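Listed below are the residues making up each chain.
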Amino acid sequence: MSGGVSLIGGGWDAPEVYGPLLRAAGGGRIGCVLVDEGDGEEQFARYAGALRRAGECEPVALPVPVGGRFEADVLVTDGWDGILVCGGLTPAYQDVFAGCLERLPEVLAERGIPYAGFSAGAALAARRAVLGGWLVDGVPVCPPDTAEDLEEVEVRPGLGLVPFAVDVHAAQWGTLGRLVAAVSRGSVPYGVALDENTVLEVDGGTGRVGGRGQVHLVRPVHVVRPTTEPSDDGHDGRAAGAVVRSYAPGESVPLGQPPLP
């Protein structure tokens, strides 16, 4: 087991969303991994300020240039107490971590290092990561300006720290529809969409909501048509769909429950 996983939906108004990371890390040295698009120092300063407002800690920048690769073994040699994977273009973060999708979880588990993901970092924590996009088979499912430079909704391998998919900025950007579409078509098994200024602290099959927004749990559901009813979609009588339930701060989210029948 790693030192814990917390997922942050973005936003800058609630420093308490970093609380689970700092508690698990015991304060200490927090490595902030960010994709540096030329403004890395400015972006790091923003995260460092948020972390220090949340509690006593030592944020340290771990910038990776666009097109570069993050080396997970740096966490072995330099004695980190926690890791925060920051936000930005989610496809760029997936590319940066593509070479250590298996090694990084191993290092976290071996060293007991807690992981927090902010926005893109939260999405990447999934085994099947929703990277962006706003169309499914050409049909809009969320606003185009939330697409992360992608057209069709795209899912790629993530870190596998949690078994469910993650989308972020749910209420503010309207991305819940993207996650519903991904779950409905079976691209991901199930998922959570996080509002900004909201954190989901994951503990096995349960999550705890913190911050100021909501966490929206999206699970698949199958509608079985009578065998005498003709099918217009070319499938075998089963149409996929999804069900959503939202959870407020202080509530527990049953992440380990099986899909609805």
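Heads up: the structure comes first, above all this text.
If you're wondering where the values come from, they're calculated on a predicted model, not measured in any experiment. (Residues numbered from 1 in each chain as written. Predicted model: local features only at pLDDT ≥ 70, side-chain atom pairs only at ≥ 80, totals over all residues. Heavy atoms only, no water.)

### Structural notes on the overall build of the protein
Moving on, step 1. For the protein, the helix and strand inventory stands at eight helices and 16 strands.
Moving on, step 2. A compact globule built from 261 residues would reach a C-alpha radius of gyration of about 18 Å, and the protein, at 18 Å, matches this within 12%.
Moving on, step 3. Its C-alpha atoms give the protein principal-axis dimensions of roughly 65 × 35 × 35 Å.
Moving on, step 4. Among the 261 residues that make up the protein, the fraction classed as buried is 50%. (Helix = DSSP H or I, 4+ residues; strand = E, 2+ residues; numbered from the N terminus. Rg over C-alpha atoms; globule rule 2.2 N^0.38 Å. Buried < 20%, exposed > 50% of the residue type's maximum accessible area, 1.4 Å probe, protein only.)

### Looking at the packing of aromatic side chains
Moving on, step 1. Scanning all chains against the criterion turns up five aromatic pairs.
Moving on, step 2. Arranged with centres 5.2 Å apart and planes meeting at 90°, the rings of Tyr47 and Phe118 form a pair that is edge-to-face. With Tyr47 in helix H2 (residues 40-54) and Phe118 in strand S5 (residues 115-118), this pair connects stretches of sequence that are 71 residues apart. Across the pair, exposure class does not vary: Tyr47 and Phe118 are buried alike.
Moving on, step 3. Here the aromatic cluster, defined as three or more aromatic residues joined through ring pairs, consists of Trp12, Tyr47 and Phe118.
Moving on, step 4. Above the ring of Trp80, the side-chain terminus of Arg29 is found at 4.0 Å from the ring centroid. (Phe/Tyr/Trp six-rings, centres within 6.5 Å; stacked < 30°, edge-to-face > 60°. Lys NZ or Arg CZ within 6 Å of the ring centre and 35° of its normal.)

### Thoughts on the sheet that holds strand S12 (residues 198-203)
Moving on, step 1. If you trace the eight strands from one edge of the open sheet to the other, you get S3-S2-S4-S5-S1-S12-S13-S16, paired in mixed fashion. Here the strands that pair on one side only, and so sit at the sheet edges, are strand S3 (58-65) and strand S16 (252-253).
Moving on, step 2. Sitting on the sheet, helix H4 (residues 90-97) is in contact with strand S2 (29-36), S3 and strand S4 (82-85), with an inclination near 115° to S2. (Pairing = 2+ DSSP bridges. Contact = heavy atoms within 4.5 Å. Axes fitted to C-alpha atoms, helices over the stretch in contact; angles between N-to-C directions.)

### Quick notes on the pairing of S12
Moving on, step 1. Direction of pairing for strand S1 (residues 5-8) relative to S12: antiparallel, over a ladder of four bridges. Note that in S12 the partner of Ile8 across the bridge is Val199.
Moving on, step 2. Hairpin connection from S12 to strand S13 (residues 206-211): two residues lie between these consecutive antiparallel strands, with Gly204 at a positive phi of about 65°.

### Quick look at the nonpolar core
Moving on, step 1. Leu7, Phe70, Leu84, Phe97, Phe164 and Leu200 are the most contacted members of the largest nonpolar core, which has 66 residues in total.
Moving on, step 2. Residues Val136, Ala170, Val183 and Ala193 belong to the second largest nonpolar core, which totals 13 residues. (Core = buried A, V, L, I, M, F, W, Y, C linked by side-chain atoms within 4.5 Å.)

### Looking at helix H5 (residues 103-111)
Moving on, step 1. Restricting attention to buried positions, one finds in H5 the residues Leu104, Pro105, Val107 and Leu108. Buried residues of H5, seen end-on, are gathered within an arc of 160° and therefore sit on one face of the element.
Moving on, step 2. Elements in contact with the buried residues of H5: helix H3 (74-77), S4, H4 and S5.
Moving on, step 3. Among the residues trailing H5, Gly112 stands out with phi positive, at a value near 65°. (Arc of directions from axis to C-beta.)

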